[in-house]
Structure formats: structure tokens, C-alpha cells
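# Structure at a glance
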Amino acid sequence: MAKVLIIEDEVSLLKGLQDNLEEEGYKVVTASNGKMGLEKAVNENFDLVLLDVMLPGMNGFDVCKEIKLKKIALPIIMLTAKSKESDKVLGLALGADDYVTKPFSITELLARIKAVMRRVNMHRQAKEKKLQTYKFGNVKVDFVKLEASRNNKKINFSKREFDILEYMIKRKGEVISRNDLLDVVWGYEVFPTTRTVDNFIARLRKKVEDKPAKPKHILSVRSVGYRFVA
Ligand code: CA
């Protein structure tokens, strides 16, 4: 049974969400301010966090940032009262996995929760799987020997580049968030920004794409991350 933490200061909304999620079979823990929510998120195990943006004291963006510093793989859906594009972008840049704009229907929220959890599961499975060799376009990669070539010319990949590429190949065709990449490659060490991921991908494209500016394999997915196609 999936365990969800809801951080929301509006008592009636918090209660309503709790009831609805429990009815759907989720185990629910609640917090009515950011500080308390952060503490629970860090100290207990959850499968997902629903996080309001406008909270007294510590706001949702700060809570999101702090949670991701300590538990990058814990998925967060932001509940935002504003439909401002800048809020959505900021939330996603700070590591949120998705957002819903208030007022939202419970059906929409449940669908988002399921979608995020499905993504998280695919992420976990991909992390555990091991690849041997793979070919795409003119590129050949041997993940066992850590060797790669394009048009039969050696490519010098760093260990991290091998890791990113392997992960992307294992999730071929799926949308891969920057968070997923951060988690699989950088893990819990010094927290790099999502910008680090973008720089990394840019370098990777130069090595595997014939035209890095018009990539055929490592595609961008607007405001979310990337998609690998063979
Ligand atoms: Ca609020």
C-alpha cells in the first residue's frame, strides 16, 4: 500500500484529500505547515508527497528544495493556487515531479498520482537492470568493457556518461525527468542542479549525435527532461 504525505494548511482541503486518498487505498500522513511536513518527509518513508505552495512560515518551494536535498528520489506533486507559468517552472526546476493547479478535481489528482508513481516504478526497475551492449544510429556501446564508438571511431565517455546513457537506453521511448537522471547518476552526493543535467546532456549529444543541435536520439521534452529514441 502506497504511503502519501500531504502538506497543506487549509484544514478542509487537507481533510478532503486525506479522505479521498484513504478511500482509494492509500495510507495517508498529514502536516499542516511546511516545517512539520519537511520533518516528516525526511524522517519517515513515503512513496509520494503532495505539497501545497502557499504555506505559512516555510513555503512549498523551500520545502520541495529541502526534501530533494535529502531524498532526491521521493516524488513530489505540488499543489499550486496560481496558474502562473513561472510557478510551475520554478516548482519543476526545484525538483517537483508534477503539479496540479487549484482548484483541481480529485479524479485529476488521482490520475496524476498514479502517473507519477508509474514513472517512479519504471525508474526503479531501470536502475536495477544491467545492460551489456547496445547499438543505435552509428553508435556502439559496450557497458561491460566501458567502450564506445561512433562510425567506428572511439568515443571517450566518462563513467557518468556511460551511466546516463545506459539509464536512458533502458527507458527508451519514455519521458525521463531531470530528477531521475540526478538520482541515478549523482545519487545523494553534493546536490547538483537540474542545470548540471542539461550541461551533461549537451556534452553527451556532441559525442553521440551527428548534429548535436538537431538530436535524433537524445530528445528534449519541454520543462520535464529528455527522451531517448534509437
Ligand atoms: Ca495553502
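Cut-off values and rules
Residues numbered from 1 in each chain as written. Predicted model: local features only at pLDDT ≥ 70, side-chain atom pairs only at ≥ 80, totals over all residues. Heavy atoms only, no water. Helix = DSSP H or I, 4+ residues; strand = E, 2+ residues; numbered from the N terminus. Rg over C-alpha atoms; globule rule 2.2 N^0.38 Å. Buried < 20%, exposed > 50% of the residue type's maximum accessible area, 1.4 Å probe, protein only. Contact = heavy atoms within 4.5 Å. Lys, Arg positive; Asp, Glu negative; His and termini not counted. Charge placed at Lys NZ, Arg CZ, Asp CG, Glu CD. Salt bridge = Lys/Arg side-chain N within 4 Å of Asp/Glu carboxyl O. Expected span 1.5 Å × (residues − 1). Donors = N, O, S within 2.8 Å, 3.2 Å for Na, K, Ca; no water. Arc of directions from axis to C-beta.

### Digging into the overall build of the chain
The helix and strand inventory of the chain stands at eight helices and twelve strands. The C-alpha atoms of the chain give 19 Å as radius of gyration, which agrees with the globular expectation for 230 residues (17 Å, within 12%). The burial tally for the chain puts 48% of its 230 residues in the buried class. Taking all contacts inside the chain whose residues are at least 6 apart in sequence as the whole, residues at least 24 apart take part in 58%. Measuring between centres, the 43 positive side-chain charges of the chain sit 9 Å from its 31 negative side-chain charges.

### Observations regarding the side chain of R205
With respect to the helices and strands, the residue R205 is situated in helix 8 (residues 194-208). One buried charged side chain, R205, makes no salt bridge at all; its nearest oppositely charged neighbour is E209, positioned 5.1 Å away. Sequence-distant contacts of R205, that is, excluding residues within four places in its chain, are made with P212, P215, I218, L219, S220 and Y226.

### Remarks on helix 5 (residues 106-128)
For helix 5, spanning 23 residues, the distance from its first C-alpha to its last is 33 Å, which sits close to the expected 33 Å at 1.5 Å a residue. Burial in helix 5 covers these residues: L109, L110, I113, V116, M117, V120, H123 and A126. Looking at the packing, one finds that the buried side of helix 5 touches helix 1 (11-23), strand 3 (48-52), strand 4 (76-80), strand 5 (98-101), helix 6 (159-170) and helix 7 (178-186).

### Here's the deal with the coordination of the calcium ion
In this structure, D9 (OD), D52 (OD) and M54 (O) serve as the protein donors to the calcium ion, at separations of 2.1 to 2.3 Å. Read in sequence order, the donor residues coordinating the calcium ion give the pattern D-x42-D-x1-M. Highlighted residues: D9 in the loop between strand 1 (3-7) and helix 1 and M54 in the loop between strand 3 and helix 3 (60-70), separated in sequence by 45 residues. Note on D9: relative accessible area 30%, which makes it partly exposed.

### Re helix 4 (residues 85-93)
Of all the positions in helix 4, only D87, K88, G91 and L92 are classed as buried. Along helix 4, the residues classed as buried sweep out an arc of 130° about the axis, all on the same side. Lining the buried residues of helix 4 we find helix 3, strand 4 and strand 5. One or two positions beyond helix 4, positive phi appears at G95, with a value near 115°.

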